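Topology and contacts: notes
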Amino acid sequence: MSVSAIVLAAGEGTRMRSSRPKPLHMICGRAMILHVIHALEKLTPERTAIVVGHGAEQVTKKVQERSPTWANVAFVEQVEQNGTGDAAAIGMTAFDGDDYDDDTTIVILPGDAPLLRPETLDELVATHVANENAATMLTSKMDDPTGYGRVIRQKDGQVLRIVEQRDATPDELDVREVCTSIYAFRRDLLGPALRTLTTDNVQGEYYLTDVISVLASMGHRVGCVRAPAAETQGVNDRWQLAKAERELRSRTNRRWLLNGVTMLDPRQTFIDVNVSIGRDVTIYPGTMLQGSTVIGDGCEIGPDVQLVDCAVAADAQVAQTVGQDADIGQGAVVGPYAHLPAGSSVASESTTGPFYTARAD
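The present account deals with the structure reproduced in this document. (Residues numbered from 1 in each chain as written. Predicted model: local features only at pLDDT ≥ 70, side-chain atom pairs only at ≥ 80, totals over all residues. Heavy atoms only, no water.)

Before going further, it helps to spend a moment on the sheet that holds strand S21 (residues 317-318). As summarised here, the arrangement of the five strands in space is S12-S15-S18-S21-S24, forming an open sheet in which the pairing is parallel. Strands with a single pairing partner mark the edges of an open sheet, and in this sheet they are strand S12 (261-263) and strand S24 (333-334). Pairing of strand S18 (residues 300-301) with S21, which is carried by two bridges, proceeds in the parallel orientation. When the sheet's bridge partners are listed, Ile-301 is paired in S21 with Val-318. (Pairing = 2+ DSSP bridges. Helix = DSSP H or I, 4+ residues; strand = E, 2+ residues; numbered from the N terminus.)

Next comes the structure, spelled out in structure tokens:
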């Protein structure tokens, strides 16, 4: 099964009120767009086209540096913001060959959906292929669907179209099933459908959502896979960013708790997604493990510890300590109130005592 992906990451994200491009806002130690790319892991795409626009150079540089090699990323730029349909068409130019006789699967997803799980995308594509659909949408039901395109169905349940909120009638606004902007398409049908889009709508843009009505009106099968709203919600402002971070931290902590780590209070424990933790580690409240920090077996970390890109060997004890790019040896006792600057180390089996500042090597 051949799959390629298009990640739409060209928007400015004005509601973030930030000079940083929206896709590069950090969640649990990883840029938002990189969470989206990692969600493609089970699909191992032949190529992942990243459509950049606002802050294109910054986004391209970060993704090139940090994206996994299996994603096979390529970059195309949407110079003028003419809508998601235009962005998808630009993304298609990153793929070899033409789309007329290629029935492989193209997954399209936004760059601001950091809570999307690999298992969900795997189910989306598997359903799409098994049912020989022209398009398969990931939908969610929301108590408050404000801001999302509504899924309009026929009486027999078949998808008829998606209507954007600004173009919806009062009855359509009452629909709670929403389009998440995450799709699987057959390439040979997607390309021609994109070329039929018009800007005849309130925003004067090419809507990717209109591809669904184009395909449905031609008699092609359009399917749906339902996912929890908490997983598919986008991040458009700092409040939504904070909510996404809380959810992702909860998932991360749960994974470590089920892997043999003890946390006295998971709600006061902050672990980045790239951190590695051994077995039988105890973490006390107020601990922040960030970057690529590695904690060995049997350690006791906290309370009130912040370690960034640090390596802590087995059976060490670290309390009330701030460290960055530092090494702590096996069985060492560090703190309280220790400072470990970049390049410093604490020898194995040593005790620092209180108010200790290590020397950089």
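Our next topic: the packing of helix H6 (residues 187-194) against helix H7 (residues 210-217). One way to put it is that H6 packs onto H7 with a least axis distance of 10 Å and a crossing angle of 110°. For the element pair H6 / H7, the angle class is roughly perpendicular. Between H6 and H7 the crossing geometry is right-handed. Listed contacts from H7 to Leu-189, Leu-190, Ala-193 and Leu-194 of H6 are Val-211, Val-214 and Leu-215. (Axes fitted to C-alpha atoms, helices over the stretch in contact; angles between N-to-C directions. Parallel < 35°, antiparallel > 145°, perpendicular 65-115°, else oblique. Left-handed = near helix turned anticlockwise from the far one by under 90°. Contact = heavy atoms within 4.5 Å.)

So, about helix H4 (residues 118-130). Compared with the 18 Å implied by 1.5 Å per residue over 13 residues, the 18 Å span of H4 between its first and last C-alpha is a close match. Within the span of H4, buried status applies to Pro-118, Thr-120, Leu-121, Leu-124, Val-125 and His-128. End-on view of H4: buried residues confined to an arc of 165°, all on one side of the axis. Taken from the residues just after H4, Glu-132 is the one with a positive phi, measuring 50°. (Expected span 1.5 Å × (residues − 1). Buried < 20%, exposed > 50% of the residue type's maximum accessible area, 1.4 Å probe, protein only. Arc of directions from axis to C-beta.)

Here we take up the nonpolar core. Counting residues in hydrophobic clusters, the biggest one holds 34 residues, and the most contacted among them are Ile-108 and Phe-185. If near-sequence neighbours (up to four positions away) are discounted, Phe-185 is found in contact with Thr-104, Thr-105, Ile-106, Ile-108, His-128, Ala-134, Ala-135, Leu-190, Leu-208, Val-211, Ile-212 and Leu-215. Core analysis: the next-biggest nonpolar cluster, separate from the first, contains 30 residues, Ala-39, Val-59, Leu-138 and Ala-184 among them. (Core = buried A, V, L, I, M, F, W, Y, C linked by side-chain atoms within 4.5 Å.)

Orientation of helix H3 (residues 84-92) relative to H6, taken along the N-to-C sense of each, is 130°, at an axis distance of 10 Å. Our classification of the angle between H3 and H6 gives oblique. Pair H3 / H6 crosses with left-handed handedness. Within the contact between the two elements, H3 uses Gly-85, Ala-88, Ala-89 and Met-92 and H6 uses Arg-187, Leu-190, Gly-191 and Leu-194. Residue classes in the contact of H3 with H6 are distributed as five nonpolar, two polar and one charged. (Nonpolar A, V, L, I, M, F, W, Y, C, P; charged D, E, K, R; others polar.)

For any two aromatic rings, the description comes down to two numbers: the centre-to-centre distance and the angle of the planes. If you walk through the whole model with that rule in mind, you get two aromatic pairs. A centroid spacing of 5.2 Å and a plane angle of 15° characterise the contact between Tyr-337 and Phe-355, whose relative ring orientation is stacked. One end of the pair, Tyr-337, is in the loop between S24 and strand S25 (338-340); the other, Phe-355, is in the segment after strand S26 (345-346), and 18 residues separate them in sequence. Residue Phe-355 is classed as exposed on the basis of its relative accessible area, which comes to 66%. Taking the ring centre of Trp-256 as reference, the NZ or CZ of Arg-255 above it sits at 4.7 Å. (Phe/Tyr/Trp six-rings, centres within 6.5 Å; stacked < 30°, edge-to-face > 60°. Lys NZ or Arg CZ within 6 Å of the ring centre and 35° of its normal.)

The next subject is the layout of surface pockets. Looking at the second largest pocket, its volume works out to about 510 Å³. Around the second largest pocket, the lining comprises 16 residues; the ones closest to its centre are Arg-30, Pro-118, Leu-248, Arg-251 and Arg-255. Among the elements that make up the lining of the second largest pocket, the one with the highest residue count is helix H9 (residues 238-257) (four residues). Of the residues in the lining of the second largest pocket, the class split is six nonpolar, three polar and seven charged. (1 Å grid on protein atoms, 1.4 Å probe; cavity = no way out; pocket = protein on both sides within 12 Å on 5 of 7 lines; lining within 4 Å. Points joined across faces, edges and corners; volume = space filled by probe spheres on them.)

Pairing between sheet strands relies on hydrogen bonds along the backbone, with the strands arranged either parallel or antiparallel. The strand order across the open sheet formed by five strands is S14-S17-S20-S23-S26, and the pairing between neighbours is parallel. Edge positions in the sheet fall to strand S14 (276-277) and S26, since each of these pairs with one other strand and no more. Relative to strand S20 (residues 311-312), strand S17 (residues 294-295) is paired through two bridges, and the arrangement is parallel. Within the sheet, the bridge partner assigned to Ile-295 lies in S20 and is Val-312.

Under the defined criterion, the tally for this structure stands at 13 salt bridges. Between Arg-249 and Glu-245 there is a salt bridge, and its shortest N-O distance comes to 2.6 Å. Here the residue Arg-249 and the residue Glu-245 both occupy positions in helix H9, the gap between them amounting to four residues, near one helical turn. You can call Glu-245 buried: its relative accessible area is 19%. Two residues, Asp-265 and Arg-267, come together in a salt bridge whose shortest N-O distance is 3.4 Å. Residue classification places Asp-265 among the buried residues on the basis of a relative accessible area of 14%. According to the relative accessible area criterion, Arg-267 is exposed, its value standing at 72%. By sharing partners, the salt bridges in this structure join Arg-153, Glu-177 and Arg-226 into a single network. (Salt bridge = Lys/Arg side-chain N within 4 Å of Asp/Glu carboxyl O.)

Before going further, it helps to spend a moment on the side chain of His-128. Secondary-structure assignment places His-128 in helix H4. Judged by relative accessible area, His-128 falls into the buried class, the value being 2%. Apart from residues no more than four positions distant in its own chain, His-128 is found in contact with Thr-105, Asn-133, Ala-134, Ala-135, Thr-136, Ala-184, Phe-185 and Arg-186.

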